[in-house]
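Commentary on secondary and tertiary structure
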Amino acid sequence: MTNIVKNDVVVAQPRKVEFLYAGVETQDGAGVKLTRVLTHQLQERLDPYLMLDNFKSDNPDDYIAGFPSHPHRGFETITYMITGRMRHRDSAGHEGLLQNGGVQWMTAAKGVIHSEIPEQEDGEMDGFQLWLNLPAKDKMKDPWYKDFQNADLPKFETENGTKVTVIAGESNGVQGAVTREITEPNYLDIHLPAGATFSHKIPANHNGFVFVYKGSANIAGQNVPIKNMAILKNDANADGIVVEADKNEETKLILVTGRPLKEPIVQYGPFVMNSEQEIIQAMRDYQRGQFGENVA
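This one's a predicted model, so the numbers in the text were calculated from it and none came from an experiment. (Residues numbered from 1 in each chain as written. Predicted model: local features only at pLDDT ≥ 70, side-chain atom pairs only at ≥ 80, totals over all residues. Heavy atoms only, no water.)

Our next topic: the pairing of strand β23 (residues 228-232). When you tally the buried positions in β23, you get five out of five residues, the bulk of the element. Burial along β23 is two-sided: the residues N228, A230 and L232 and M229 and I231 are all buried. Two elements, strand β2 (residues 17-21) and β23, share four bridges in a ladder whose sense is antiparallel. Paired with V17 across the bridge in β23 is L232. With four bridges joining them, strand β20 (residues 207-214) and β23 adopt antiparallel strand pairing. (Buried < 20%, exposed > 50% of the residue type's maximum accessible area, 1.4 Å probe, protein only. Helix = DSSP H or I, 4+ residues; strand = E, 2+ residues; numbered from the N terminus. Pairing = 2+ DSSP bridges.)

All right, on to the pattern of salt bridges then. Where charged atoms from two side chains of opposite charge come close, those side chains can pair. Enumeration over the complete set of coordinates arrives at 13 salt bridges. Taking the shortest distance from any N to any O, the salt bridge between R45 and E18 comes out at 2.8 Å. In this pair, R45 is assigned in the loop between β4 (32-38) and β5 (49-57) and E18 in strand β2, connecting sequence segments 27 residues apart. You can call E18 partly exposed: its relative accessible area is 38%. Two residues, E95 and R89, come together in a salt bridge whose shortest N-O distance is 3.4 Å. Given a relative accessible area of 44%, E95 falls into the partly exposed group. Here the salt bridges do not stand alone but share partners, grouping R87, R89 and E95 into one network. (Salt bridge = Lys/Arg side-chain N within 4 Å of Asp/Glu carboxyl O.)

Here is the structure:
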């Protein structure tokens, strides 16, 4: 049962939109078609976040081959499956099936090889994968992994009918499924009825963005169309965000914020470290089989 809460959060000075970004259509894995919303050029601006992909299609040819075995080191992946089913296996011995509304949180840390393969041959596949950087001191720790099915995720509903899933962090007194002490990620999936508003506090020193995946939103006078990411302007005097849904239809969006690490970001494909030497070491370790065995 979803708790009904009064969204009485008072935002004295809402953040404005710095700019909109529609992302880049691309392919990854074994040819999965997706939109790369948070790209390499935005990593420093949206620190501690490194990448955001939106995969959405009802054509099996766009997703059926999935993401066969591939390595990661130095960061965390958060996969949010809105619609569809995806099987995960990794070299640490973990296996799980993500289903509608579920989340997989994987901390690659010192290295893991995993695969993500759809377990459906038709129908819609829709979801997000977000990459969250790890602080330098944690990049070589042991990997960690957990699946959260939809029923496991904390949720609440406001008096105006807005429904919120708290994947990470906190909102309206509801603690999310995952917390992180250093990067302090806040990851909300927000469904607003037509014309509804939702307020949320954001620390002034955190970076943040909104991505609209249904309808459109208004943020501080700026219209944010569907399939657009709104980068929230950093303002020492701003204390949060107020989002208003399209007046004629339901709006669905994700709101993601976090505390920047302000550390060097050096990325080579699936490895994200703090120096070129660490990247070279990651490649050597992978080639020597030190990430574990390949998985199907």
